[in-house]
Amino acid sequence: EAEVAQSPRYKITEKSQAVAFWCDPISGHATLYWYRQILGQGPELLVQFQDESVVDDSQLPKDRFSAERLKGVDSTLKIQPAELGDSAMYLCASRETIQETQYFGPGTRLLVL
Amino acid sequence: GENVEQHPSTLSVQEGDSAVIKCTYSDSASNYFPWYKQELGKRPQLIIDIRSNVGEKKDQRIAVTLNKTAKHFSLHITETQPEDSAVYFCAASVSGTASKLTFGTGTRLQVTL
């Protein structure tokens, strides 16, 4: 069964450093999401792509966060500079455009020291 | 935007008992309501979903009910087993290409022997 892939699984960095996360959605899934999940809370949407276009980035802190999906397949989420409050799980999800079900990747757990 | 509230935040039941988790939503346009199960350190996985044209849906020991008038939906797990122990998240969205999920804050279910 196809799954969403993410890397790295864990990342420890110091504040003010740059970090990048990678997501490879299920093949054929045109819609891709990046979520941030703070410990003990539900996932919160950061950015949504339809193919290579951003559909919604209203909750993305654009002063430090950026996301791209250049060829409409895999995606990268970057934080520069990282702050202590960015420590969280970053989840990627994808879905077929005509279906509602979102499939999640294993996430990248970020710790900012 | 949509706001989803979830209760209780923690739930402890004995093996074999039933568990009920409740969610309310604010956007009357929402018409898709999935439930995700997230085990410790693992990705959220869809366990059941319901659309607004249906009042109830059942899959073996799991059922979901929806009251559109009151804008609330519930997850029911019968004959609970230790492997049901996890964090459960409800979510709501408006169907469509730009569909995005708003999650509740999660319920930690503990099934004791």
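The notes below deal with the structure included here. All values derive from a computational prediction rather than experimental measurement.

1. So, the overall build of chain B
Of the regular secondary structure elements, chain B holds zero helices and eleven strands. Reading the helices (α) and strands (β) of chain B from amino to carboxyl end gives β-β-β-β-β-β-β-β-β-β-β. Considered along the principal axes of its C-alpha atoms, chain B spans approximately 40 × 30 × 20 Å. Across the 113 residues of chain B, 43% fall into the buried class. The contacts of chain B with a sequence gap of at least 6 include a subset with a gap of at least 24, amounting to 54%.

2. Regarding the state of the cysteines
Joining two cysteines, a disulfide is a covalent bond between their sulfur atoms. Across all of its chains, the model carries two disulfides over all chains by this definition. One disulfide bridge connects C23 of chain A with C92 of chain A, the sulfur atoms lying 1.9 Å from each other. Taking the torsion about the sulfur-sulfur bond, which here is approximately -65°, the covalent link between C23 of chain A and C92 of chain A counts as left-handed. A residue pair is termed long-range when its members are at least 10 positions apart, and C23 of chain A in strand 3 (residues 19-24) and C92 of chain A in strand 9 (residues 88-95) qualify at 69 residues. Classification of C23 of chain A as buried rests on a relative accessible area of 0%. Of the residues examined, C92 of chain A reaches a relative accessible area of 0% and is grouped as buried. Here C23 of chain B engages in a disulfide with C90 of chain B; their sulfurs sit 1.9 Å apart.

3. With respect to the interface of chain B and chain A
For an interface, size is often stated in terms of accessible area lost upon the parts coming together. Contacts between the two partners involve 21 residues from chain B, matched on the other side by 26 residues from chain A. Carbon and sulfur atoms supply 48% of the area that chain B and chain A bury against each other, a total of about 1,800 Å² over both sides. If you look at where chain B meets chain A, you find two salt bridges. The closest approach of N and O atoms between K100 of chain B and D56 of chain A, which form a salt bridge, is 2.5 Å. If you list the elements that add at least two residues to the side of chain B that touches chain A, you get strand 4 (32-38) and strand 5 (45-51) of chain B. Looking at the side of chain B that touches chain A residue by residue, the classes come out as eight nonpolar, nine polar and four charged.

4. Concerning unusual backbone geometry
The peptide bond linking Q80 of chain A to P81 of chain A adopts the cis configuration, its omega dihedral lying at -5°. Looking at the secondary structure, you find P81 of chain A in the loop between strand 8 (75-79) and strand 9. Residue H7 of chain B is joined to P8 of chain B through a cis peptide bond whose omega torsion reads -5°. Structurally, P8 of chain B is set in the loop between strand 1 (4-7) and strand 2 (10-14). At S16 of chain A, a position not held by glycine, the phi torsion is positive, near 85°. Topologically, S16 of chain A is positioned in the loop between strand 2 (10-13) and strand 3. With a phi close to 55°, Q60 of chain B is a non-glycine residue in the positive phi region. Of the residues examined, Q60 of chain B reaches a relative accessible area of 72% and is grouped as exposed.

5. Digging into the packing of aromatic side chains
Evaluated as defined, the whole model comprises 13 aromatic pairs over all chains. Through a chain of ring-to-ring contacts, the aromatic side chains of Y33, Y35 and F104 of chain A together with Y36, F89 and F103 of chain B assemble into a single cluster.

6. As for the nonpolar core
In this structure, W35, F73, L75 and L109 of chain B are the most contacted members of the largest nonpolar core, which totals 23 residues. Only strand 2, strand 3 (19-25), strand 4, strand 5, strand 7 (62-67), strand 8 (72-77), strand 9 (86-92) and strand 11 (107-112) of chain B provide two or more residues apiece to this core. Membership of the second largest hydrophobic core comes to 20 residues, among which are V4, F21, F65 and A82 of chain A.

7. Here's the deal with the side chain of D49 of chain B
Position of D49 of chain B relative to the elements: it lies in strand 5. For D49 of chain B, the side chain forms a polar contact with the side chain of Y32 of chain B, separated by 2.9 Å. If we ignore the near neighbours within four places in the chain, the residues touching D49 of chain B are T101 of chain A together with Y32, F33, P34, K57 and V64 of chain B.

8. Brief notes about the pairing of strand 3 of chain A
Regular strands have side chains that alternate between both faces of the sheet. Residue and element names in this part refer to chain A. With burial as the criterion, only one face of strand 3 is covered, namely that bearing V19, F21 and C23; the residues A20, W22 and D24 on the opposite face remain uncovered. Direction of pairing for strand 1 (residues 5-7) relative to strand 3: antiparallel, over a ladder of three bridges. In the sheet register, S7 faces strand 3, and the bridge partner there is W22.

Rules behind the numbers
- Residues numbered from 1 in each chain as written.
- Chains lettered and ligands numbered in written order.
- Predicted model: local features only at pLDDT ≥ 70, side-chain atom pairs only at ≥ 80, totals over all residues.
- Heavy atoms only, no water.
- Helix = DSSP H or I, 4+ residues; strand = E, 2+ residues; numbered from the N terminus.
- Buried < 20%, exposed > 50% of the residue type's maximum accessible area, 1.4 Å probe, protein only.
- Contact = heavy atoms within 4.5 Å.
- Disulfide = S-S within 2.5 Å.
- Buried area = accessible area lost by both parts, 1.4 Å probe.
- Salt bridge = Lys/Arg side-chain N within 4 Å of Asp/Glu carboxyl O.
- Nonpolar A, V, L, I, M, F, W, Y, C, P; charged D, E, K, R; others polar.
- Phe/Tyr/Trp six-rings, centres within 6.5 Å; stacked < 30°, edge-to-face > 60°.
- Core = buried A, V, L, I, M, F, W, Y, C linked by side-chain atoms within 4.5 Å.
- Polar contact = N/O pair within 3.5 Å; in protein donor to acceptor, adjacent residues only side chain to side chain.
- Pairing = 2+ DSSP bridges.

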